[in-house]
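What the coordinates show
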Amino acid sequence: MYTFVSWNCRGIRTKLQDLKGLINILNPVCIGLQETFLSSNNLLKQRGYNSVRKDAATGSNHSGGVCILTSNLYPSTPLTLHTSLQAVAVQVHTRCLVTVCCVYLPPHDVVSQQDLDTLVDQLPAPFILLSDFNGHNTLWGSDVTNSRGRQIEQLISNNCLCLLNNDEKTYFHEPTRTFHSLDLAIFSPTLLPLLHFTSVSDLCNSDHFPIIVSYADSGGAIQYPPRYLFQRAGWGNFMQLADITESMVSTADVTEAVQNVVDCLINAANNTIPKCSPRIRKFRTPWWNEACRDSRREEKRLEHF
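An account of the accompanying structure is given in this report. Once a new chain begins, its residue numbering starts again from 1 and follows that chain's sequence as written. In keeping with the predicted nature of the model, local features appear solely for residues at pLDDT of at least 70, side-chain atom pairs appear and are counted solely at 80 or more, and the whole-chain, interface and lining totals rest on all residues. Working from all heavy atoms in the structure, the side-chain values ignore hydrogens and water.

**Considering the environment of Ala216**
Put simply, DSSP H or I for four residues or longer makes a helix, DSSP E for two residues or longer makes a strand, and each gets a number counted from the N terminus. Checked against the element boundaries, Ala216 lands in the loop between strand E14 (211-215) and helix H4 (235-241). Along the sequence, Ala216 and Thr3 sit 213 residues apart, while their C-alpha atoms lie 9.9 Å from each other. Two residues form a contact once any of their heavy atoms are found within 4.5 Å. Excluding anything up to four places from it in sequence, Ala216 contacts Leu194, Leu195 and His196.

Structure follows, in structure tokens:
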């Protein structure tokens, strides 16, 4: 299933195990993270994923920051954005080429409408905008509409975009023990019949629930092509089988000649180089025991009170 995740993690360095848990369960194409709380000297590496990030400005106590982790199972390219906003974007190829942009707007920052429109203008269509805009609007399930919410509504209207959110709450305000909708999925109209929205029922030790955008007709898990294990190759046998003869390339049709060479090399590789399993490797948690399980169950039970 082609899945995109967005999560305000409230500091990713202390949530790495929660991040691994999301990856184990969802195997997402991309993960957009907000409020990473990283500085330039903090590394963020996740096995099987490439990252592009924008850290909070110097002097802000490293609050804020955004990052997109993209699975290396899918071809992807980072995009350069000319904006002062906390935003990063990549183009990734799943069933088609799609742009994924991750944005975080701090609640007390003054953001101009032009800055938001300019950001959207830089995103090649079709695109998915995963964001914590910190805006309340009855349009996406809030009880009230504030100025930031009206601003985001104007952004959607100005650029003829679609909002995927339903009535699911995405944020838990601990002091008042109330739930709100702050995390949004906004996208190009051409994607409207293809996408489905839901949220994870676990806060994952943050105060925001991860939200999930997936293709509605994915039809279950996909099988990834196995990769060659070159370190275990029988190169001697490969050289014997990969024998490019003159008769292969003497044809007048260049395309046919190229295909003959390709077929020869692939046949040699398939017979002399082992392949890895197409199953996705899970992250191990060797420290997990019954006490951890019981503690987790109790945490989930208390969340519903």
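From this point, the discussion proceeds with the structure in view.
**Quick look at unusual backbone geometry**
Following Ala125, the chain continues into Pro126 via a peptide bond in cis, with omega recorded as -5 degrees. Inspection of the secondary structure puts Pro126 in the loop between helix H2 (113-121) and strand E8 (127-132). In this model, Arg10 sits at a positive phi of 55 degrees, which is unusual for a non-glycine residue. Mapped onto the elements of the fold, Arg10 is located in the loop between strand E1 (3-8) and helix H1 (16-26). Of note, the phi angle at Cys160 is positive, near 50 degrees, even though the residue is not glycine. In this fold, Cys160 is placed in the loop between helix H3 (147-158) and strand E9 (162-163).

**Describing helix H6 (residues 254-272)**
A helix is expected to span 1.5 Å multiplied by its residue count minus one. The end-to-end C-alpha separation of H6 is 27 Å, in line with the 27 Å expected for 19 residues at 1.5 Å each. Among all positions in H6, only Ala257, Cys264, Ala268, Ala269 and Thr272 are buried. Looking straight down H6, one finds that the buried residues subtend no more than 130 degrees of arc, so they occupy a single side. Think of a polar contact as two N or O atoms within 3.5 Å of one another; within protein, one of them needs to be a possible hydrogen donor and the other a possible acceptor, and neighboring residues in sequence only count if both atoms come from side chains. Its side-chain oxygen at 3.0 Å from the backbone nitrogen of Thr255, Asp253 defines the N-terminal cap of H6. Categorising residues by exposure relies on relative accessible area from a 1.4 Å probe, with only protein chains included: less than 20% of the type maximum marks a residue as buried, more than 50% marks it as exposed, and the intermediate range marks it as partly exposed. Each C-beta atom gives one direction from the helix axis, and the arc is the one those directions make.

**Quick look at a nonpolar patch on the surface**
A patch consists of residues exposed above 30% relative accessible area that lack any salt bridge, with like charges linked at up to 9 Å and nonpolar side chains (Val, Leu, Ile, Met, Phe, Trp, Tyr) linked at up to 5 Å. Areas reported as accessible are Shrake-Rupley estimates using a 1.4 Å probe. Residue values count occlusion only from the protein chains shown. Put simply, a salt bridge is a Lys or Arg side-chain nitrogen that is within 4 Å of an Asp or Glu carboxyl oxygen. A contiguous nonpolar patch, built from Val254, Val258, Val262 and Ile266 and spanning about 330 Å² of accessible area, is present on the exposed surface. By the secondary structure assignment, Val258 is in helix H6. Note on Val258: relative accessible area 48%, which makes it partly exposed.

**Here we look at the environment of Ser40**
Tracing the backbone through its elements, the reader meets Ser40 in the loop between strand E2 (30-34) and strand E3 (49-54). C-alpha separation for the pair Ser40 and Asp55, spaced 15 residues apart in sequence, amounts to 7.0 Å.

**Here's the deal with the packing of H2 against H3**
Running from amino to carboxyl end, H2 crosses H3 at an angle of 40 degrees, the nearest separation of the two axes being 10 Å. Regarding the angle of H2 to H3, the classification is oblique. In terms of crossing hand, the pair formed by H2 and H3 is right-handed. Every residue of H3 that contacts H2 at Gln113, Leu116, Asp117 and Val120 is listed here: Gln151, Ile152, Gln154, Leu155 and Asn158. Under this grouping Gly is polar, as are all residues other than the nonpolar Ala, Val, Leu, Ile, Met, Phe, Trp, Tyr, Cys and Pro and the charged Asp, Glu, Lys and Arg. Among the residues forming the contact of H2 with H3, the class breakdown is four nonpolar, four polar and one charged. Whenever a helix is involved, its axis is fitted only over the stretch in contact; in every case the axis is a line through C-alpha atoms, and angles between N-to-C directions fall within 0 to 180 degrees. Any angle from 65 to 115 degrees is called roughly perpendicular, while one under 35 is roughly parallel, one over 145 is roughly antiparallel, and all others are oblique. A clockwise turn of the near helix away from the far one marks a right-handed crossing, whereas an anticlockwise turn of less than a right angle marks a left-handed crossing.

**Digging into the pattern of salt bridges**
Enumeration over the complete set of coordinates arrives at three salt bridges. Two residues, Arg10 and Glu35, come together in a salt bridge whose shortest N-O distance is 3.1 Å. With Arg10 in the loop between E1 and H1 and Glu35 in the loop between E2 and E3, the pair connects residues that are 25 residues apart, well separated along the chain. The class of Arg10 is partly exposed, set by a relative accessible area of 36%. Between Arg10 and Asp207 there is a salt bridge; the shortest N-O distance is 3.9 Å. Of the two residues, Arg10 is situated in the loop between E1 and H1 and Asp207 in the loop between strand E13 (195-199) and E14; the sequence distance between them amounts to 197 residues. Among the charged side chains, a salt-bridge network with shared partners connects Arg10, Glu35 and Asp207.

**Overview of the sheet that holds E9**
Strand pairing follows a simple DSSP-based rule, namely that at least 2 bridges must link the two strands. Strand order in the open sheet made by the six strands is E5-E6-E7-E8-E12-E9, with mixed pairing throughout. The open sheet has two edge strands with one neighbour each: strand E5 (76-79) and E9.

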